[in-house]
Amino acid sequence: MRFPHNRASLLSSLTDANYHTLKASSTTVHWGYFDKSLSPALTVDSGDLVYVETVTHHAGDAPDLMMDEGTEEIYHSIPEEKRSPGPHLLTGPIYVKDAEPGDMLEVEILDLAPRIPYGSNVTAPWGFLYDEFDKKERVTIYEIDPKGQWLTAKFAYDYPAPMI
């Protein structure tokens, strides 16, 4: 499993950049929306390196496999009525000093590493192909092999389709 053990060596090779960590917690994530009026969870200079933790909303589908202490804190601290309108948890926002409205920001992702060795996928009848599929959602929980090369389905279930 590739956990972020090499981030310090990357930082030492970039002498002009500052390094920041933004952990996912109930005070640094928002559930289901973008909002430009949110206060920044982190402020950085252009060119800085940022390690950002993220959390999947599907952790609740298999809490015994997909929740660590940090994920549990988020789930227990954010009430269900504040988890909308969308399903995703977003870490941030991150404020870049001297950036102004209309500026284009370049973000380069240097590495991705799972928090835990499990993940999820949803197939759903949304969007353009809505009429092409059965009107149900299917959630599948996967185990990630130790080298991060493949997934093995552990279990799946059908989620009731919304009434449309």
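Residues numbered from 1 in each chain as written. Predicted model: local features only at pLDDT ≥ 70, side-chain atom pairs only at ≥ 80, totals over all residues. Heavy atoms only, no water.

Considerations on the overall build of the protein chain
Next, step 1: The number of helices and strands found in the protein chain is three helices and nine strands.
Next, step 2: Ordered by position in the sequence, the α and β elements of the protein chain form the string α-β-β-β-β-α-α-β-β-β-β-β.
Next, step 3: Counting across all 164 residues of the protein chain, residues that qualify as buried make up 24%.
Next, step 4: The long-range share in the protein chain, meaning contacts at least 24 apart out of those at least 6 apart in sequence, stands at 65%.
Next, step 5: Working note: accessible area of the protein chain is about 11700 Å², and carbon and sulfur atoms make up 55% of it. (Helix = DSSP H or I, 4+ residues; strand = E, 2+ residues; numbered from the N terminus. Buried < 20%, exposed > 50% of the residue type's maximum accessible area, 1.4 Å probe, protein only. Contact = heavy atoms within 4.5 Å. Areas by Shrake-Rupley, 256 points an atom, 1.4 Å probe, with all protein chains shown as cover.)

Focus: the packing of aromatic side chains
Next, step 1: Taken as a whole, this structure holds one aromatic pair when the rule is applied.
Next, step 2: Considering the side-chain rings of W31 and Y75, the 5.0 Å spacing of their centres and the 70° angle between planes classify their relative orientation as edge-to-face. Of this pair, W31 sits in strand β2 (residues 29-31) while Y75 sits in helix α3 (residues 69-77); the two residues are 44 residues apart in sequence, bridging distant segments of the chain. For the pair formed by W31 and Y75, the shared burial category is buried. (Phe/Tyr/Trp six-rings, centres within 6.5 Å; stacked < 30°, edge-to-face > 60°.)

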